[in-house]
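Report on the structure
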Amino acid sequence: MNNAELFARAQLTIPGGVNSPVRAFRAVGGTPPFIRSANGAWLTDAEGRRYIDYVGSWGPMIVGHAHPQVVSAVQAAAAAGLSYGAPTAAEVELAELLCMLVPGMEQVRLVSSGTEATMSAVRLARGFTGRDAIIKFDGCYHGHADSLLVKAGSGALTFGQPSSAGVPTDVAKHTRVLPYNDIAAVNAAFAEAGERIAAIIVEPVAGNMNLVAPSEGFLASLRALSTRHGAVLILDEVMTGLRVGLRGAAGRYGITPDLVTLGKVVGGGMPLAAFGGRRDIMACVAPLGPVYQAGTLSGNPLALAAGLATLNLVQSPGFYERLEETARTLTAGLVEAARQAGVPFSAQSIGGMFGLYFRSSAPRSLAEVLACDTAAFNRFFHAMLAQGVYLAPSAFEAGFVSSAHGEVEIERTIEAASQAFRTTARDAC
Ligand code: KE4
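To keep things clear, this report deals only with the structure shown in the data block. On a predicted model such as this, the values are computed, not experimentally measured, just so you know. (Residues numbered from 1 in each chain as written. Predicted model: local features only at pLDDT ≥ 70, side-chain atom pairs only at ≥ 80, totals over all residues. Heavy atoms only, no water.)

One open sheet holds the four strands; their spatial order is β1-β2-β3-β15, and the pairing between them is mixed. The open sheet is flanked by β1 (35-39) and β15 (389-390), the only strands paired with a single partner. Pairing geometry for strand β3 (residues 50-53) and β15, over two bridges, is parallel. When the bridges of β15 are listed, Asp53 appears paired with Tyr390. (Pairing = 2+ DSSP bridges. Helix = DSSP H or I, 4+ residues; strand = E, 2+ residues; numbered from the N terminus.)

Written out as structure tokens, the structure is:
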């Protein structure tokens, strides 16, 4: 079956034909390729078409698809049994490694998705402080737990409103949504409700409204305010952890969180995520303390094997320097190609993630992201896909490179972009 036939068939039994909404291509239109296999930096779809992959399963595939060391580790683990529901030595090995690498992580609990990690971290912060209110930021996505599917209420300091059907207003009202990078708004929120705020949860580098970097002093201010008011600072590093550096954004920006969530890279493509941080806070987690959290497949042996093999590879000397150079070369090449085509475009990269913007400078807030030319992005996206380059199918997502993206892939991508920018410029008229 070809992609269109598979998509039509999928929609008969799966909502929207996909198991996660962004995969349905609704933001960019068209039919999503159904992927049959992947290797290194490349995907192959059901029609045998090959694509240079800049989604990387939304971040996990930092050493490339089907890396031999990761695959063989998973195969060996599978031969020893798929799941025990009992403690294993591999979980201890990963926990010790994460506590060594991640700033502020004194203890860690493994879970199966980023949503589980952030949901648990928020519950833990509320249980530890005895407070209900949390602060998140517009444009940041922390998974689909009820407390975090909330958009800004009218005015920055009022209660949140659900951003999804099915989230009770009684839940959403405890979540305050403030503008990302707006420290004045955070100061005002704490001035108004400081002693009721259990936690701030923030993407230290925002990657779910396209890539938006933290402004100078933003993260440090969140750290200071949390400390001053006894709130828990949660860095959601599900995307940035092990992506923007070996010690994540916390290491890159010199911030020590009270709690941190991880996902994606830490599982190497398998269902593995984590939350952890200060020992006194983690002491509240069952079975030690009153904050309940559990999971049938938490610490799954195959996910541990993939995660440990991936973490072994990313610790090799120069891994992140090469990854950052790859992303930098890519974005610089795209900016030059757009300039030659006369298309208003900018791009930036942080570690192994990047943002592409159809506006003249990199956005610093959700409002500036929303001012980007989304229609131009969508034309560019399809022009690139037609040439075998698979970008994130939304103008509001970040892109990812891997250690498998070499000169061939980067040069081919830039060549494709030169053509795609001309198409984008022509069709804009
Ligand atoms: P998951 O539950 O999807 O494993 O993780 C949720 C999550 C939490 N925190 C951050 C910072 C995240 O980026 C994510 C998930 N990211 C999206 C990509 N924008 C996953 C892709 C999808 O939803 O299909």
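This is not the end of the story, as more comes after the structure.
Our focus in this paragraph is helix α3 (residues 89-101). Compared with an ideal rise of 1.5 Å per residue, which puts 13 residues at 18 Å, α3 spans 19 Å between its outermost C-alpha atoms and is within 8% of the ideal. For α3, the full list of buried residues reads Leu94, Ala95, Leu97, Leu98 and Leu101. With its buried residues spanning 165° around the axis, α3 presents them on a single face. Every exposed residue of α3 that faces more than 90 degrees away from the buried side is listed here: Ala89, Glu96 and Met100. The inward-facing, buried residues of α3 contact β4 (107-111), β11 (259-262) and α10 (301-314). (Expected span 1.5 Å × (residues − 1). Buried < 20%, exposed > 50% of the residue type's maximum accessible area, 1.4 Å probe, protein only. Arc of directions from axis to C-beta. Contact = heavy atoms within 4.5 Å.)

Further remarks concern the site of the ligand. Surrounding the ligand, one finds 16 residues, the nearest of these being Ser20, Thr115, Asn208, Asp236 and Glu397. The separation between a nitrogen atom of the ligand and a polar side-chain atom of Asn208 is 2.4 Å. Protein burial of the ligand: of its 550 Å² of free accessible surface, 85% is covered by the chains. Residue composition of the shell around the ligand, grouped by class: five nonpolar, seven polar and four charged. The residues that make up the shell around the ligand include at least three from each of domain 1 (3-66 + 317-428) and domain 2 (68-314). (Near = heavy atom within 4 Å. Polar contact = N/O pair within 3.5 Å; in protein donor to acceptor, adjacent residues only side chain to side chain. Areas by Shrake-Rupley, 256 points an atom, 1.4 Å probe, with all protein chains shown as cover. Nonpolar A, V, L, I, M, F, W, Y, C, P; charged D, E, K, R; others polar. Domains from an automatic or database assignment.)

The side chains of a regular strand alternate, first on one face of the sheet and then on the other. Of all five residues in strand β5 (residues 133-137), five are buried; the element is thus mostly enclosed. Here β5 shows two buried faces, one formed by Ala133, Ile135 and Phe137 and the other by Ile134 and Lys136. By the bridge criterion, three bridges tie β5 to strand β9 (residues 197-202) in an arrangement that is parallel. Within the sheet, the bridge partner assigned to Ile135 lies in β9 and is Ile200. The sheet contact formed by β5 and strand β8 (residues 175-178) spans four bridges and is parallel.

So, on to unusual backbone geometry. Backbone torsion omega between Ala286 and Pro287 reads 5°, so that peptide bond is classified as cis. Inspection of the secondary structure puts Pro287 in the loop between α9 (279-282) and α10. One non-glycine residue, Trp58, lies in positive phi territory at about 70°. Its place among the elements puts Trp58 in the loop between β3 and α2 (68-79). If you check the backbone angles, Lys264 has positive phi at about 50° while not being a glycine. Relative to the assigned elements, Lys264 resides in the loop between β11 and β12 (273-277).

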